[in-house]
Amino acid sequence: MGRKTTFLIISLWLCCMQLVAQEREVKGLVTDQQGIALAGVSVKVKGTTKGVSTDVKGTFTITVPLNATLVFTSIGFITKEQRVGSGREINVSMSDDNKQLDEVVVIGYGTASKKDVTGAVSSVKATQLENENPQNVTDILRGNIPGLNVGLSTSAKGGGDLLVRGKTTLSASTSPLIVLDGVIYSGQLSDINPNDIESVDVLKDASSLAVFGAKAATGVVAITTKKGKSSTPTITVNTNVGLASLARDQKVYDGPGFLRWRSDVMRSGAATPGYLYDNPDNLPAGITMEQWLNGQNGDPQDLWLNRLGLVANEKKNFLEGRTVNWYDEIFRTGLRQDHTLSMSGRKDEITYYMSLGYLKNENLIEGGEFSTVRARVNLEGKAAKFLTVGMNLQFADRDEGSIEAAWDQLTALSPYGDMYNADGTLRRIPTDDNGLNARNPFLNPTYNDRMDKQSTLFGSLYAKATLPFGITYQLNFSPGLDNYRTFNHLSSLNPNVTTPGGSVTRANETRYNWQVDNLLKWNKTFSKIHSVDVTLLANAEKYQTWWTQGGNEGFVPNDQLGYHNLSSGIKPVVNSEDKIYTGDALMARLNYGLLQRYNFTMSVRRDGYSVFGSRNKRAMFPAAAFAWTFTEEPFMKSALSWLGYGKLRLSYGINGNRDLRNPDNNTVDPYAALTQLNVGKYQLVNNSGSASEVNTIIINNRMGNDNLKWEQTKSFNAGLDFSVLNDRLSGTVEVYDKKTNDLLIRQTLSNVSGYVNVNSNLARVTNKGFEFSLNSKNIRREKLSWNTSLNLFLNRNTIDALSTPNDDIGNGWFIGKDIDVIWDYKILGVWQENEVEEANKFNKGIKAGDFKLLDADGNYIYNDEDKQFLGYRSPRFIWAMRNEFNLFGSFDFSFQLLSNWGQKKEFNQARNQPGSVGFGRTSSYVVPYWTPENPLNDYARLNSGLSGTSFNVFRDNSFIRLNTVSLAYSIPRSISDRLRFKSAKIYMNINNAALYAPTWDYWDPQNNGPTPRYYTLGLNVSL
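Cut-offs applied
Residues numbered from 1 in each chain as written. Predicted model: local features only at pLDDT ≥ 70, side-chain atom pairs only at ≥ 80, totals over all residues. Heavy atoms only, no water. Helix = DSSP H or I, 4+ residues; strand = E, 2+ residues; numbered from the N terminus. Buried < 20%, exposed > 50% of the residue type's maximum accessible area, 1.4 Å probe, protein only. Pairing = 2+ DSSP bridges. Axes fitted to C-alpha atoms, helices over the stretch in contact; angles between N-to-C directions. Salt bridge = Lys/Arg side-chain N within 4 Å of Asp/Glu carboxyl O. Phe/Tyr/Trp six-rings, centres within 6.5 Å; stacked < 30°, edge-to-face > 60°. Lys NZ or Arg CZ within 6 Å of the ring centre and 35° of its normal. Contact = heavy atoms within 4.5 Å. pLDDT = per-residue confidence, 0-100. Core = buried A, V, L, I, M, F, W, Y, C linked by side-chain atoms within 4.5 Å. Polar contact = N/O pair within 3.5 Å; in protein donor to acceptor, adjacent residues only side chain to side chain.

Trainee: What should I look at first to understand the environment of G286 in this one?
Mentor: Looking at the secondary structure, you find G286 in the loop between α4 (255-267) and α5 (289-293). For G286, a relative accessible area of 69% translates into the label exposed. The spacing of G286 and A540 is 254 residues in sequence and 87 Å in space, taken between C-alpha atoms.

What follows is the structure, encoded as structure tokens:
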């Protein structure tokens, strides 16, 4: 037994020694394709947990068994496996994971790989921004697309205007066309839940836009929503809460500051001695009480307050030390919440995605709120081997009925006023006088009632059939149904409502639209070098609205039921308006590829639209593009080995803009080409002497125009896509030239015509621009990655012609100048006391402290001959930079900077002249002003004159905004597995985090009012 045991031990020991002898130490070097050493590359023995990482020199040492396989992985590179063999040294070159060229982008009625795209298309993946909690499509786009300028809305609803490649129109809409899941979408962007979005593509040049013909001159924003991917159901919960606070203060005067300011108000321009308005308890040196009294009797404090213009309750509150901080009463910290629950997956022949979201935002202004419920169902199934059917359905219910406090009353309210009456009710006017423009800012939200709800349903029902010879046919039916309810009750309890018994309006509007797309597609590759992709479209559309409004006032016995009891008033009013327009289109597009490096696109679209004149119901919109991937040329691969990828693109085509809007209400005018008629009433007395009202029809102000047609934009685009240093750097350069003819404008007519205006196609505008985007992979290590993206763009436009050979001064349009050019008097500074004699030569009552305007012709008369072009309201260039960091695979940190630079904006606060009301019964923002003791040269005196003419002050409002800062922590897989989560992430972010505006000192440079800063904390969990 002992011998057997000894033999067994010796045998096991020999086996172990043999196994140890088979393991050996292996060294190596890991580089990229350029031979640059890569640090932080993970080197693991396949099938085991054994592994090391390369050092800063790219070298590694690892002990491996015989015939082992090493797995090399690094972020941004393709995973590589290498068999060890019998050697003791392994050098590995890793290739970049260049998946971005294979990414699919939307090109209009279809998709294409980035490497095959011939037009100017920019994309952003929504998943890249999910840590920043975008609450609107505009939040996804802001700063991430070169050539796209996104406005900033300060409302609880959020959002902002979109402008692609500058203004190409004077009167028609500048908003881009929205395409949702391949079909044209006419709803609001706020109805689309950002959590449902997979990607957004922006089409900018004529070639990519031409397939949308008459609708596309202002650009296209194509939104693709999520589809099911996993074979098992995935449930995702994204929930967050946040705060909205005032990002930039614009303070008004407190009590003591208000009195000092009012003293200067009364001194400014007055002939009486300035010391009369000083506090008698603190008179200037050398001024006696007798001088100060100036022959008056009574209590000096009361006299002083009277001289400052204070009324009874203001004086009482001053003596009792009571003030109202209207600023803090009006502004608040608003609460925000956003919750989305979704489920997605793929089962057998069916893919599905479903979501339900609830959002409720409070504004930073008391009373301001917005809430919406949004739901989506994306479903696709294989009905037969040759037939696929599906639907994308979206529902939203918005509530925009909140009534905000009137924050614009801030400068009309005295801090020594009263918010409430003695009985606790709100005072109509906070001071004991008529108040002029002053009103209690909380009257409307306290007493009035409003319901403003919109329920919208938008869907796309489609069927795809595979036909012989590789041809596919797709039918899309896209209906949209919107229901609007706008009810308003102006309560008789509101002391600011002068209608006895109150008044009510109830408006209901139903909007219904549909589109039908018939698509034939054929995609074929011949001899492995020729690829052909043909798309044919036949489209029809219809849009119709029904609007009805009823109103009443003088409710008896009272109006406590508000808009729920319309019939009990004594003055009913009924109104209605129905609109309808139709359109159709035929389109053909050919994409041809040769040798995977030459790509051609040719397309033509013929549009019809009922709105335009009888002679111009239809128009043609052709386009062509060429792309050359020159890095695929054999001679280029050897000559430019440092260039990883390069593609040159050229395109030219014609796009249209049919979106003519009524400038009075900014709605589509389907009868713009027709003469307007008005229905009126007149009194008729019959033979018996009885009076009655009789309807009559009269011609309105607008004359018809049978020749009215589309605006047409002819556009040339040249682009270069590139990547260098093994895709460490990649980017795009674009230049474009757009000429828009037949601009839609409302032309003023001579009185002898019998009309006031007519819609015509008479103007021309040119747009030129440059766009540059650059993506950089700065650091690529296992525990640290850092990526940067930068885009810069500029646009210049010129009005080439107007309806007449003369400039349109009334609209501010000048031939040969930018649409947004500023034409006004140049301000040289402020008249100082030693310049009064020169100022008197103008004979306009100019005083020291008034703005000094340039008298260009030296005749001491201010008129249009003295005005100059002072700058532009639109930015001279726009740039954005985004940095993204990943630490230890678990922490994601990012921030984005945005900048609009070179533009100017009205800053009439510098005039210190509130208009006809004056400063007699108002307060003011804390704004500098000229005084003899403080002779400023960039701010006028209080109650300054206008130098005998009307003018505006303009200041540069260039800015750099820290738009977003976000931090997210992904819970490690070991923990999430124990919790039975697929993934879990906690994130926090700040939107509108900081602002740098070196020459602008009034509210936000993008807005003329309070702008919010958002703080958000959220959780994203997938089950």
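Trainee: How should I be thinking about the sheet that holds strand β2 (residues 42-45) in this particular structure?
Mentor: Strand pairing in a sheet relies on backbone hydrogen bonds, with the paired strands running either antiparallel or parallel. Taken together, the 4 strands give an open sheet; going across it, the order is β3-β2-β5-β6, and neighbouring strands pair in antiparallel fashion. At either margin of the open sheet sits one strand with a lone partner, and together these are β3 (51-53) and β6 (80-83). On average, each strand axis in the sheet is tilted by 20 degrees relative to the strand beside it, whichever way the strands run. As paired strands, β2 and strand β5 (residues 69-73) are joined by 4 bridges and run antiparallel to one another.

Trainee: Explanation requested: the pattern of salt bridges in the structure shown.
Mentor: Pairs can form between side chains of opposite charge once their charged atoms are near each other. Summed over the entire model, instances satisfying the criterion amount to 39 salt bridges. Ionic pairing is found between D302 and K315, a salt bridge with its closest N-O pair at 3.1 Å. One end of the pair, D302, is in helix α6 (residues 300-307); the other, K315, is in helix α7 (residues 312-319), and 13 residues separate them in sequence. Note on K315: relative accessible area 16%, which makes it buried. Measuring nitrogen to oxygen at the nearest pair gives 3.6 Å for the salt bridge that ties K709 to D742. A residue pair is termed long-range when its members are at least 10 positions apart, and K709 in the loop between β34 (702-703) and β35 (711-724) and D742 in strand β36 (residues 729-748) qualify at 33 residues. Counted as one network, the salt bridges with shared partners bring together K157, D191, R398 and E400.

Trainee: Just checking my understanding: could you explain unusual backbone geometry for this structure?
Mentor: Comment: phi is negative for the bulk of residues other than glycine, and the bulk of peptide bonds are trans. The omega angle of the peptide bond from V556 to P557 is 5 degrees, so this bond is cis rather than trans. As for its placement among the helices and strands, P557 is situated in the loop between β25 (530-553) and β26 (573-594). One non-glycine residue, S527, adopts positive backbone phi at about 55 degrees. One can find S527 in the loop between β24 (503-526) and β25. A relative accessible area of 64% places S527 in the exposed class. Phi is positive for W1003, close to 45 degrees, though the residue is something other than glycine. Within the fold, W1003 resides in the loop between β48 (983-996) and β49 (1012-1022). Here W1003 falls in the buried class, since its relative accessible area comes to 0%.

Trainee: For this particular structure, what's the right way to read the packing of aromatic side chains?
Mentor: Centre distance and the angle of the planes are the two values used to describe a pair of aromatic rings. This model, assessed by the stated rule, comprises 37 aromatic pairs. One residue, R307, lies across the ring of W292, its end atom 4.1 Å from the ring centre.

Trainee: Explain α7 here, please?
Mentor: Working note: α-helix, 3.6 residues per turn, so residues spaced by three or four point in the same direction. Within α7, the full set of buried residues consists of N313, E314, K315 and N317. Turning to α7, the residues buried within the fold contact α4 and α6. Positive phi shows up at G321, right after α7, with a value of about 70 degrees.

Trainee: What is the right way to read the confidence of the model for the protein chain from this model?
Mentor: Note: predicted coordinates in regions of low pLDDT should not be interpreted at a detailed level. The predicted model of the protein chain has a mean per-residue pLDDT of 88, with 95% of residues at 70 or higher. Low confidence marks residues 12-21, where pLDDT is under 50. Its contacts with residues over four positions away, or in another chain, come to 0 contacts.

Trainee: Explain the nonpolar core here, please?
Mentor: Nonpolar side chains in soluble globular proteins tend to end up buried together. Ranked by size, the top nonpolar core spans 40 residues in total, and within it Y327, F331, L410, F851, Y925 and W1003 carry the most contacts. Of all elements in the fold, only α8 (326-330) and β41 (851-853) reach the threshold of two or more residues within this core. Contacts of L410, omitting those with residues within four sequence positions, involve V252, W326, Y327, I330, F331, S923 and Y925. In this structure, I145, V150, I223 and F458 belong to the second largest nonpolar core, which totals 23 residues.

Trainee: Before we go on, may I ask you to explain the side chain of D418 in this structure?
Mentor: Within the secondary structure layout, D418 lies in the loop between β21 (387-399) and α9 (443-447). Side chain to side chain, D418 and N313 meet in a polar contact 2.9 Å long. For D418, the residues in contact, after removing those within four places along its chain, are N313, N317, W326, R427 and P430.

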